[in-house]
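Structure at a glance
Here's the letter readout for the chains.
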Amino acid sequence: VPHEFVTSQIPVGGPAAQFSNRTLFSPNQSSLTLWASAPTRYGEARSRVVFNMTRDLFDTRFEVYKAIGEIGYLRLGLDYTLFLNQEALPDTLDFEGPPVFAEARFAQASLRFPVGRIGGDEENLFFLIGVEDAGAELTLPAAVENVGSASQVPAVTGKLTYQAESMNVELAGLYRRMSARGDGAYDSKLNGWGLHLSGFVRFSPADKVMFGVLGGRGIAAYIDDTIGLNLDAAPVSYPNGGLRTVGLVGAWAGYERRWSRVLKSTATISFLKASTDFIDRRFGPAYSPGTPTEFVGIFQETFYSSANLIWSPVRWLDTGVEYLYGHRKVAPGTSSYGSNEGHDSRIQFTIRLNFEYSR
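Residues numbered from 1 in each chain as written. Predicted model: local features only at pLDDT ≥ 70, side-chain atom pairs only at ≥ 80, totals over all residues. Heavy atoms only, no water.

1. Overview of the overall build of the protein chain
For the protein chain, the count of helices and strands is 0 helices and 19 strands. Relative to its full complement of 359 residues, the protein chain shows a buried share of 44%. Of the contacts made within the protein chain by residues no fewer than 6 positions apart, 62% connect residues no fewer than 24 positions apart. Summed over all atoms, the accessible surface of the protein chain reaches about 18,800 Å², with 58% contributed by carbon and sulfur. (Helix = DSSP H or I, 4+ residues; strand = E, 2+ residues; numbered from the N terminus. Buried < 20%, exposed > 50% of the residue type's maximum accessible area, 1.4 Å probe, protein only. Contact = heavy atoms within 4.5 Å. Areas by Shrake-Rupley, 256 points an atom, 1.4 Å probe, with all protein chains shown as cover.)

2. So, the environment of Arg-41
Looking at the secondary structure, you find Arg-41 in the loop between strand 1 (31-40) and strand 2 (43-52). Take Arg-41: its relative accessible area is 75%, and that puts it in the exposed class. For the pair Arg-41 and Ile-71, spaced 30 residues apart in sequence, the C-alpha separation works out to 9.8 Å.

3. Notes on unusual backbone geometry
The backbone of Asn-230 sits at a positive phi, close to 55°, despite the residue not being glycine. Relative to the assigned elements, Asn-230 resides in the loop between strand 10 (207-217) and strand 11 (233-235). Using a relative accessible area of 33% as the deciding quantity, one classes Asn-230 as partly exposed.

4. Quick word on the pattern of salt bridges
The tally for this structure, following the rule as stated, stands at 13 salt bridges. Residue Arg-352 pairs with Asp-91 through a salt bridge whose shortest N-O separation is 4.0 Å. Taken together, the residues span a long stretch of sequence, with Arg-352 in strand 19 (residues 341-353) and Asp-91 in the loop between strand 4 (74-80) and strand 5 (105-116) at a distance of 261 residues. Overall, the relative accessible area of 24% leaves Arg-352 in the partly exposed class. For Asp-91, a relative accessible area of 21% translates into the label partly exposed. We note a salt bridge from Glu-170 to Lys-159, for which the minimum N-O separation is 3.2 Å. In this pair, Glu-170 is assigned in strand 8 (residues 167-181) and Lys-159 in strand 7 (residues 148-163), connecting sequence segments 11 residues apart. (Salt bridge = Lys/Arg side-chain N within 4 Å of Asp/Glu carboxyl O.)

5. Overview of the environment of Leu-309
Tracing the sequence through the fold places Leu-309 in strand 17 (residues 299-314). Using a relative accessible area of 37% as the deciding quantity, one classes Leu-309 as partly exposed. Residues Leu-309 and Arg-257, spaced 52 residues apart in sequence, show a C-alpha to C-alpha distance of 9.6 Å. Contacts of Leu-309, omitting those with residues within four sequence positions, involve Trp-259, Leu-263, Lys-264, Ser-265, Thr-319, Gly-320 and Val-321.

6. Observations regarding the packing of aromatic side chains
Note on aromatic pairs: each is described by the distance of the centres and the angle between the planes. Following the criterion strictly, the structure yields 9 aromatic pairs and no others. Judged by centre distance (6.3 Å) and plane angle (55°), the rings of Phe-5 and Tyr-304 are tilted. Taken as a pair, Phe-5 in the segment before strand 1 and Tyr-304 in strand 17 lie far apart in primary sequence, 299 residues in all. Assessed through its relative accessible area of 2%, Phe-5 is described here as buried. (Phe/Tyr/Trp six-rings, centres within 6.5 Å; stacked < 30°, edge-to-face > 60°.)

7. Structural notes on the side chain of Asn-308
By the secondary structure assignment, Asn-308 is in strand 17. There is a polar contact of 3.1 Å between the side chain of Asn-308 and the backbone oxygen of Asp-91. Not counting residues up to four positions away in its chain, the partners in contact with Asn-308 are Asp-91, Thr-92, Leu-93, Lys-264, Ser-265, Thr-266, Val-321 and Glu-322. (Polar contact = N/O pair within 3.5 Å; in protein donor to acceptor, adjacent residues only side chain to side chain.)

8. Digging into a nonpolar patch on the surface
A surface patch of nonpolar side chains, about 780 Å² in accessible area, is lined by Tyr-42, Ile-71, Tyr-73, Leu-74, Leu-76, Leu-111, Ile-129, Val-131 and Val-156. Put simply, the parts of the chain that give the nonpolar patch at least two residues each are strand 4 and strand 6 (125-132). Relative to the assigned elements, Tyr-73 resides in the loop between strand 3 (63-71) and strand 4. (Patch = residues over 30% accessible without salt bridge, like charges linked within 9 Å, V, L, I, M, F, W, Y side chains within 5 Å.)

9. Examining the nonpolar core
With 35 residues, the main nonpolar core has Phe-83, Ile-219, Tyr-222, Ile-223 and Leu-248 as its most contacted residues. The residues touching Leu-248, leaving out its near neighbours within four places in the chain, are Leu-214, Gly-215, Gly-216, Ile-219, Ala-220, Ile-223, Thr-226, Leu-272, Lys-273 and Ala-274. (Core = buried A, V, L, I, M, F, W, Y, C linked by side-chain atoms within 4.5 Å.)

10. A word on the environment of Thr-276
Of note, Thr-276 is situated in the loop between strand 14 (263-274) and strand 15 (287-288). Taking relative accessible area as the criterion, Thr-276 reaches 0% and is therefore assigned buried. If sequence neighbours within four positions are ignored, Thr-276 has contacts with Leu-231, Val-246, Arg-281, Ile-298, Phe-299, Gln-300 and Ala-331. Among the polar contacts listed, one links the side chain of Thr-276 to the backbone oxygen of Phe-299, at a separation of 2.9 Å.

11. Brief notes about the pairing of strand 3
Two strands pair when backbone bridges link them, and strand 2 and strand 3 are joined in this way by 8 bridges, in the antiparallel orientation. Residue pairing in the sheet places Arg-46 in a bridge with Glu-70 of strand 3. Sheet analysis places strand 3 next to strand 4, joined by 5 bridges and oriented antiparallel. Paired with Glu-70 across the strands is Arg-75, a residue of strand 4. Here strand 3 hands over to strand 4 after 2 residues, with Gly-72 in that stretch at a positive phi of 60°. (Pairing = 2+ DSSP bridges.)

12. Let's talk about the side chain of His-327
On the secondary structure map, His-327 appears in strand 18 (residues 317-330). Within the structure, His-327 has its side chain in polar contact with the side chain of Glu-341 (distance 2.9 Å). Here His-327 is in contact with Ile-10, Glu-301, Thr-302, Phe-303, Glu-341, Gly-342 and His-343, once residues within four sequence places are set aside.

Pasting the structure below:
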């Protein structure tokens with residue numbers, strides 16, 4: 001029972017789909033953030049470390065979730081991928097959020113600098129170029145000798161951002177080079193690429209719209225719902241053989257309404273689709289844990305929606321309720337359960353405490 005609402009794990013049949021009306025209490029999502037800043041001759045130096053203290057429901061671990069250092073235009077550390085626009089994320093009570101988000105975390109280095117302005121007196125147009133260590137996630141047949149996969153070079157991201165008080169628009173481009181090692185057609189080099197347009201528009205102090213659309217090939221290791229599914233590339237059905245990068249396309253939108261100083265709501269929808277029909281069915285399906293003879297299906301598409309009401313009577317306390325609905329579809333003929341679709345819904349009540357101290 002994942003304590004986060006992960007649409008790519010919704011069962012499409014079998015024993016897991018028979019369970020219903022479950023209740024779960026989970027003291028998760030806790031974190032500790034330490035930050036510091038100081039002026040220097042090269043610009044302000046800033047550092048931030050985020051520790052995740054309840055990584056798993058039944059096995060508490062202490063994990064460095066983020067570690068970032070900045071000075072001037074230079075930024076180094078561990079953070080969400082540069083392909084993501086963190087300024088445009090909606091406020092959901094569930095930690096997972098929409099499955100189309102590119103929230104993989106990688107070691108990275110980037111330069112972000114102003115390139116001009118559109119209206120106004122201050123620079124508001126920025127360009128970023130960066131590299132990150134994004135590991136390749138490829139489906140490779142176990143029967144192939146000397147099988148393996150790797151990223152040949154760090155992934156490269158470039159993006160152009162317009163940043164104003166009431167608007168943010170960002171266009172990001174991604175390129176990565178992956179390799180597969182194995183006999184015959186499975187010894188190959190693969191190119192991955194992606195485009196991501198996202199941002200927000202604040203129409204009034206009380207109304208804000210967020211949006212995003214992305215697409216590409218070989219970028220499954222970046223996207224929430226496909227991380228860990230080995231769908232950057234997969235084997236092509238006979239007689240072609242070899243590997244092909246998997247195409248992904250997705251979109252999301254969110255609307256935030258502030259009803260009063262202490263009360264707000266956010267509604268979000270998203271959709272993600274993968275081009276997995278070409279995958280060789282002998283190698284592609286993921287196995288159900290503990291049941292190696294049963295296929296649970298090759299990812300094809302997911303839909304997600306959520307709506308919440310959050311009350312914040314004081315700065316250090318958020319409490320609210322959120323409804324979530326998800327739909328998952330797998331490629332036809334890849335599930336042992338005779339069905340290729342599943343759906344799930346959840347009502348989540350959350351109390352979040354925020355403590356802050358600075359000097």
